[in-house]
Amino acid sequence: MRILHTADWHFGRTLEGRSRQQEKEQFVDELCQIVRQESVDLVLIAGDVFDTYNPPAAAEELYCDALDRLGDGGRRAVVVIAGNHDSPDRLCAVRSLAQRQGVTLFGYPADQPPSTLAAAGQVQRVAAGPGWVELAVPGVDHSALVLALPYPSESRLNEVLEQTLDEAELQVAYSERVGRLFAGLARHYRPDTVRLAVSHLFVAGGQECESERPIQVGGTYTVAAGAMPVGAQYVGLGHLHRPQRLHSAPVPTRYAGSPLAYSFSEAGQAKSVTIVDLLPDTAAPVVQEIPLTAGRPLVRWHATAGVAQVQRWVEEGRDPTAWIDLAVTVPSALTLDEIQTLRRLHPGFIHIRPVYPEAEVAATREQRVALTLAEQFERFYRQRSGGGTAPAELTRLFLELAMAADEAEVEQ
């Protein structure tokens, strides 16, 4: 059986207010092309399909379109679980339509897929229970038994795992609970099936990126690698946006990563989906990464030679389709006019950050010491306004607030 593992689509997410809908549509097109070209039998989508509980209509429409195309009229199996960003109910609202396309949806950890009688030549649900399903795919002479554990927060488990407020004890209790859940589900494994698991977790040892908004408070929702289900031939995870294998897990365990870069901490990071080939008696899966080309790259520029260097790079056609985090070395603060001029040079500039030479920074600090607070505010206003003079009323209000803040600090 050939399995494709993907996760963390985050449909509806923007980049500093810039829409990325078109990039996500390109990803869905590329994903559907990959499953056809690679003759994929089963697609695992490991959570965070959406970026928020209430995604925009365009994001929901794209999700439904993706399920319809991936299921291919019920000829290809698809399993989707909810991540921490997903509303389980919203994710599964299309269940009655999705199951006709060979799609099985799990919103909550104890969800049980409904029994359906599929037509000949379509994906069959051989058996199912809370948190697991056995699927027979047309053209494959063995079935896949998939353990599905959507994001298992205490609220979604409907459990209070530990009364203590000690973070270390809470983490141990949570990790042990996830381990027990997997162990209970793994009892359904049989040697004549391909044995899979899919979940949305933060597993200790995984490498994070800045774009992952925390799944846990502190380390409370961190799961030990040893909690992965014994007997699984492959565990497909969601949450971490960097594609990676967890070498410390007792069974083959992997994060597929996100299909697009969602923060500049991922600049230059290759994005991919994972293809896994398995037979029931396979000792180890054959795993390969299929690189993705959809979406605009995120890159960082540092123009040490100032604005003129930025202009030259743009004229040379550097990174014409990228989203760019621009740092530019300048002798003094950029005016609003200069910032607007830079933005007109390239539509992909997201951040424009001035960088000052060390000598200039030191001199500026020395000058500030010699200035009164009102003079410092006047200089700040002039730099930010492109040369204007601060209104007297605004300066007075600033000084009053500064004095009140100093008095409050003394009282504390």
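Structure's up top.
Heads up: these notes are all about the structure in this document.

1. Some words on the overall build of the protein
Helix and strand counts for the protein come out as 11 helices and 18 strands. Evaluated residue by residue, the protein yields a buried proportion of 50% over its 412 residues. When contacts within the protein are restricted to residue pairs at least 6 apart in sequence, those whose partners lie at least 24 apart make up 68%. Working note: accessible area of the protein is about 19,200 Å², and carbon and sulfur atoms make up 52% of it.

2. A word on the pairing of strand E7 (residues 144-149)
Buried residues dominate E7, accounting for 6 of its 6 residues. Where strand E6 (residues 132-136) meets E7, 4 bridges bridge the pair, whose relative direction is antiparallel. Bridging from a neighbouring strand, Glu134 pairs with Leu145 of E7. Relative to strand E8 (residues 194-200), E7 runs parallel, the two sharing 6 bridges. Following the sheet pairing, Leu147 is matched in E8 by Ala197.

3. Brief notes about unusual backbone geometry
Although it is not a glycine, Asp8 adopts a positive phi angle of roughly 55°. Of note, Asp8 is situated in the loop between strand E1 (2-6) and helix H1 (21-37). For Asp319, which is not a glycine, the phi torsion comes out positive at approximately 45°. Structurally, the position occupied by Asp319 is in the loop between helix H7 (307-315) and strand E17 (323-329).

4. Here we look at the sheet that holds strand E14 (residues 272-277)
With mixed pairing, the 6 strands of this open sheet are ordered in space as E4-E3-E2-E1-E14-E15. The strands lining the two open edges of the sheet, one partner per strand, are strand E4 (103-106) and strand E15 (286-291). On average, each strand axis in the sheet is tilted by 20° relative to the strand beside it, whichever way the strands run. Pairing geometry for E14 and E15, over 6 bridges, is antiparallel. Residue Asp277 lies in a different strand from E15, and its bridge partner there is Val286. Against the sheet, helix H2 (residues 57-71) contacts strand E2 (42-46), strand E3 (77-81) and E4, and its axis sits at roughly 150° relative to E3.

5. Here's the deal with the packing of H1 against H2
Remark: H1 packs on H2, axes separated minimally by 10 Å, with the N-to-C direction vectors making an angle of 5°. One element, H1, and the other, H2, form an angle in the roughly parallel class. Here H1 contributes Gln21, Lys24, Glu25, Val28, Asp29, Leu31, Cys32 and Val35 to the contact with H2, which in turn contributes Ala58, Ala59, Leu62, Asp65, Ala66, Arg69 and Leu70. Tallied by class, residues from the contact of H1 with H2 come to 9 nonpolar, 1 polar and 5 charged.

6. Looking at the pattern of salt bridges
Side chains that differ in sign of charge can pair as their charged atoms come close. Scanning all chains against the criterion turns up 18 salt bridges. Across the pair Lys271 and Glu266 runs a salt bridge whose closest N-O atoms are separated by 2.5 Å. Take Lys271 and Glu266: they sit in the same class, and that class is buried.

7. Topic: the sheet that holds strand E5 (residues 124-129)
The sheet built from 7 strands is open, its strands ordered E5-E6-E7-E8-E11-E13-E12 with mixed pairing. Edge strands, defined here as strands with exactly one partner in the open sheet, are E5 and strand E12 (244-245). Contacts from helix H6 (residues 167-186) reach E6, E7 and E8 within the one sheet, and its direction differs from that of E7 by about 155°.

8. Here we look at the packing of aromatic side chains
According to the stated counting rule, one finds 8 aromatic pairs in the structure shown. A centroid spacing of 5.7 Å and a plane angle of 80° characterise the contact between Trp301 and Phe349, whose relative ring orientation is edge-to-face. Here Trp301 is found in strand E16 (residues 298-303), whereas its partner Phe349 is found in strand E18 (residues 349-355), with 48 residues between them in sequence. The pair Trp301 / Phe349 is uniform in exposure class, with both members buried. By way of ring pairs, the aromatic residues Trp9, Phe11 and Phe27 are connected into one cluster. Above the face of the Trp323 ring, Arg296 is positioned so that its terminal group lies 3.6 Å from the ring centre. The aromatic ring of Trp313 is capped on one face by Arg318, whose charged end is 4.0 Å from the ring centroid.

9. As for H1
Taking 1.5 Å of rise per residue, the 17 residues of H1 would be expected to cover 24 Å, and the 24 Å separating its terminal C-alpha atoms lies within 8% of that figure. Among the residues of H1, those classed as buried are Gln21, Glu23, Lys24, Phe27, Val28, Glu30, Leu31, Cys32, Ile34 and Val35. Looking at the buried positions of H1, the neighbouring elements they touch are E1, E2, H2, E14, E15 and E17.

10. A look at the pairing of E16
Across 6 bridges, the pairing between E16 and E17 is parallel. Within E17, the position partnered with Trp301 by the bridge is Leu326. Between E16 and its parallel partner E17, the chain crosses via H7, and the hand of that crossover is right-handed.

11. Some thoughts on H7
Residues of H7 that are buried include every one of Gln309, Val310 and Trp313, and no others. Seen end-on, H7 carries its buried residues on one side only, within an arc spanning 105°. Following H7 by one or two positions, Gly317 has its phi on the positive side, about 80°.

Basis of the calculations
Residues numbered from 1 in each chain as written. Predicted model: local features only at pLDDT ≥ 70, side-chain atom pairs only at ≥ 80, totals over all residues. Heavy atoms only, no water. Helix = DSSP H or I, 4+ residues; strand = E, 2+ residues; numbered from the N terminus. Buried < 20%, exposed > 50% of the residue type's maximum accessible area, 1.4 Å probe, protein only. Contact = heavy atoms within 4.5 Å. Areas by Shrake-Rupley, 256 points an atom, 1.4 Å probe, with all protein chains shown as cover. Pairing = 2+ DSSP bridges. Axes fitted to C-alpha atoms, helices over the stretch in contact; angles between N-to-C directions. Parallel < 35°, antiparallel > 145°, perpendicular 65-115°, else oblique. Nonpolar A, V, L, I, M, F, W, Y, C, P; charged D, E, K, R; others polar. Salt bridge = Lys/Arg side-chain N within 4 Å of Asp/Glu carboxyl O. Phe/Tyr/Trp six-rings, centres within 6.5 Å; stacked < 30°, edge-to-face > 60°. Lys NZ or Arg CZ within 6 Å of the ring centre and 35° of its normal. Expected span 1.5 Å × (residues − 1). Right-handed = clockwise from strand over helix to strand, strands pointing away. Arc of directions from axis to C-beta.

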